[in-house]
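Structure assessment
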Number of protein chains: 2
Amino acid sequence: MDIYIPDQEKITMRTMNVAKMSPNRSRLKHSKKRDIILAAFATQNHVTAQKLHNSLAEEGHRISLGTIYRTMRLFCKMGLAQARHCEAKTQYGHTAAKGRHDHLVCTACGNIAEFENQEIERLRKEIAAENGFTLSVHKLELYGLCSLCGHSDN
Amino acid sequence: MDIYIPDQEKITMRTMNVAKMSPNRSRLKHSKKRDIILAAFATQNHVTAQKLHNSLAEEGHRISLGTIYRTMRLFCKMGLAQARHCEAKTQYGHTAAKGRHDHLVCTACGNIAEFENQEIERLRKEIAAENGFTLSVHKLELYGLCSLCGHSDN
DNA sequence: TTAGGTGCAAAGGGTTTGCAAGCCT
DNA sequence: AGGCTTGCAAACCCTTTGCACCTAA
């Protein structure tokens, strides 16, 4: 249950009710299932809807895949989660959990390592400016093979 | 028809017959359709199968989508093209056309700008090493809004 | 009671595949 | 002739949606 919203405030189902008061979005009701999904997501960064569904099932929670997709989409809209498209699937990651950080994605197993680097942060802005880009989203990804996959090719 | 394979040799259907002598892959036959797809791909970097299909249709070429998918997958295997997953679609880009370069992807319209930066190249290696990653594939992506999309949000 | 939330199954969108027919060698 | 290629449609996979039912407020 250690999810943070961008301004570093810890989020719970209660603070959530404040957070998602976004335009054209009606007020949320409290929901046990959403609580459960939030708790599971909090302990597993970079998960797919299917993975969440599986781990919840293992714990004996029957929550439909559809609900998980809907809930994760909601979390993204609230700024709690961030969707990433890896291969053909959508992975959901935590946002702002540890300040600005980027991802190192293993092209073999799909695992993701996080890193922070001030210099690259500066270059990022520089390169974006040179190309007329606005850095709305903080997202920089590096691809390679992680230590486990680096030996065997594939 | 200006596609280059990694070792900088210009590729044509003829040189292709040499290039794709890969293991467990039988010898390719010459095919007009593949020639046409190659020519179209050469003039349009970062295209989806659907876009290629459309532009070919406009030129009066009737080539099925299935064939385009199969052919682009072949090009990737041969090192002629590189697949990238943007949103839910697969985009095919040229490989090694202009040496090492990275991508700046517009999160609104999907357009891709290419850039080269020596410093980031160095950092890339540094960061990968720090995290135990092997940089098999050269791929680094930055996300933001391009100059056209930067003003209107989304 | 009323507006969300949920399950289920069907629909969607992109990509792959099986099969019969076509083409290169 | 033999084998790679192609078109077509069906199959697939992941994700979204419609609808009827359930639940929080």
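Residues numbered from 1 in each chain as written. Chains lettered and ligands numbered in written order. Predicted model: local features only at pLDDT ≥ 70, side-chain atom pairs only at ≥ 80, totals over all residues. Heavy atoms only, no water.

1. Comments concerning the sheet that holds strand β6 (residues 140-144) of chain A
Which entries qualify depends on this criterion: Pairing between strands requires that DSSP locate at least two bridges from one strand to the other. Helix and strand definitions follow DSSP, with helices as H or I runs of at least four residues and strands as E runs of at least two, each counted in order from the N terminus. Axis geometry follows a simple rule: fit a line to the C-alpha atoms, using only the stretch in contact for helices, then measure angles between N-to-C directions, giving values from 0 to 180 degrees.
Across the sheet, six strands lie side by side as β5(A)-β4(A)-β6(A)-β6(B)-β4(B)-β5(B); this open sheet has mixed pairing. Each end of this open sheet is capped by a strand with a single partner; those strands are β5 (112-115) of chain A together with β5 (112-115) of chain B. Neighbour to neighbour, the strand axes of the sheet diverge by 25° on average, direction disregarded.

2. Quick word on the interface of chain B and chain A
A common way to state how big an interface is: give the accessible area lost once the parts meet. Note the cut-off: Any two residues whose heavy atoms approach within 4.5 Å are treated as being in contact. When two components associate, each loses some accessible surface as probed by a 1.4 Å sphere; the sum of these losses over both components is called the buried area. Here a salt bridge means any side-chain nitrogen of Lys or Arg lying within 4 Å of a carboxyl oxygen belonging to Asp or Glu.
Counting from both sides, the interface comprises 34 residues of chain B and, opposite them, 34 residues of chain A. Carbon and sulfur atoms make up 64% of the area that chain B and chain A hide from each other, which totals about 3,100 Å². Of all residues in chain B, the largest losses of buried area upon contact with chain A belong to Ile127(B), Phe133(B) and Tyr143(B), amounting jointly to 21% of the total for that side. In this assembly, chain B and chain A are joined by two salt bridges. The partner of Glu119(A) in a salt bridge is Arg122(B), with the nearest N and O atoms 3.2 Å apart. Residue assignment for the side of chain B that touches chain A shows that the elements contributing at least two residues are β4 (102-106), β5, α5 (118-130) and β6 (140-144) of chain B. At seven residues, the largest contribution of residues to the side of chain B that touches chain A is made by α5(B).

3. Examining the domain arrangement of chain A
Residues and elements named next belong to chain A. Note the following rule: The domain boundaries here were taken from an automatic or database domain assignment. Any N or O atom pair separated by 3.5 Å or less is treated as a polar contact, with the protein-specific requirement of one donor-capable and one acceptor-capable atom, and with residues adjacent in sequence counted only for side-chain atom pairs. Think of it as three bins: nonpolar holds Ala, Val, Leu, Ile, Met, Phe, Trp, Tyr, Cys and Pro, charged holds Asp, Glu, Lys and Arg, and polar takes everything else, Gly as well.
For chain A, the domain assignment lists domain 1 (2-94) and domain 2 (102-144). Each partner contributes residues to the interface: domain 1 has seven residues there, and domain 2 has nine residues. Buried area between domain 1 and domain 2, summed over both chains or domains, comes out near 580 Å², and the portion from carbon and sulfur atoms is 45%. Of all residues in domain 1, His 46, Gln 82 and Arg 84 bury the most surface against domain 2, accounting for 67% of the area lost on that side. Between domain 1 and domain 2 we count zero salt bridges in total. Between domain 1 and domain 2 we count three residue pairs in polar contact (both at pLDDT 80 or more) in total. Per-element tally for the side of domain 1 that touches domain 2: the top contributor is strand β2 (residues 81-86), with four residues. Among the residues making up the side of domain 1 that touches domain 2, the classes are represented as two nonpolar, four polar and one charged.

4. Brief notes about the relation of the copies chain B and chain A
For the record, the criterion: Alignment of the copies relies on least squares applied to C-alpha atoms, considering only residues that score at least 70 for pLDDT in both.
Take chain B, turn it by 179°, move it 0.0 Å along the axis, and it overlays chain A with an RMSD of 0.1 Å. The transformation relating the two chain copies, once decomposed into turn and shift, fits a two-fold axis. Proximity to the rotation axis, assessed at the C-alpha, singles out Glu141(B) in chain B; its C-alpha lies 2.6 Å from the axis. Comparing interface residues between copies, 100% of those in chain B also lie at the interface in chain A; the contact surface is shared.

5. Here we look at helix α4 (residues 65-78) of chain A
Along an α-helix, residues three or four positions apart point the same way, because every turn accommodates 3.6 residues. Residues and elements named next belong to chain A. Rule in force here: Here the expected span of a helix is defined as 1.5 Å times the quantity of residues minus one. Exposure categories follow from relative accessible area, calculated using a 1.4 Å probe and restricted to protein chains: below 20% of the type maximum is buried, above 50% is exposed, and the middle band is partly exposed. Directions pointing from the helix axis toward each C-beta atom define the arc.
The end-to-end C-alpha separation of α4 is 20 Å, in line with the 20 Å expected for 14 residues at 1.5 Å each. All buried positions along α4 are accounted for by Ile 68, Thr 71, Met 72, Leu 74, Phe 75 and Met 78. Here the buried residues of α4 occupy an arc of 155° about the axis, which is enough to place them on one side. Every exposed residue of α4 that faces more than 90 degrees away from the buried side is listed here: Arg 70, Arg 73 and Lys 77. In the segment just after α4, Gly 79 is the residue with positive phi, at about 85°.

6. Remarks on the sheet that holds strand β2 (residues 81-86) of chain B
Residues and elements named next belong to chain B. Spatially, β1-β3-β2 is the arrangement adopted by the three strands of the open sheet, whose pairing is antiparallel. Unpaired on one side and paired on the other, β1 (47-48) and β2 mark the two borders of the sheet. Bridge count between β1 and strand β3 (residues 89-94): two bridges; the pairing is antiparallel. Bridge pairing in β3 links Thr 48 to Gln 91. Across the face of the sheet, helix α2 (residues 32-43) comes into contact with β1, β2 and β3 while running at roughly 85° to β3.

7. Brief notes about the UniProt feature "binding site: Fe cation" (unreviewed entry) in chain A
Residues and elements named next belong to chain A. For the record, the criterion: UniProt positions are given in the numbering used here, feature names are shortened, and annotations may be inferred rather than shown by experiment.
The feature "binding site: Fe cation" (unreviewed entry), as given by UniProt, occupies Asp 102, Glu 121 and His 138 in the numbering adopted here. Mapped onto the elements of the fold, Glu 121 is located in helix α5 (residues 118-130). The buried category is assigned to Glu 121, whose relative accessible area is 11%.

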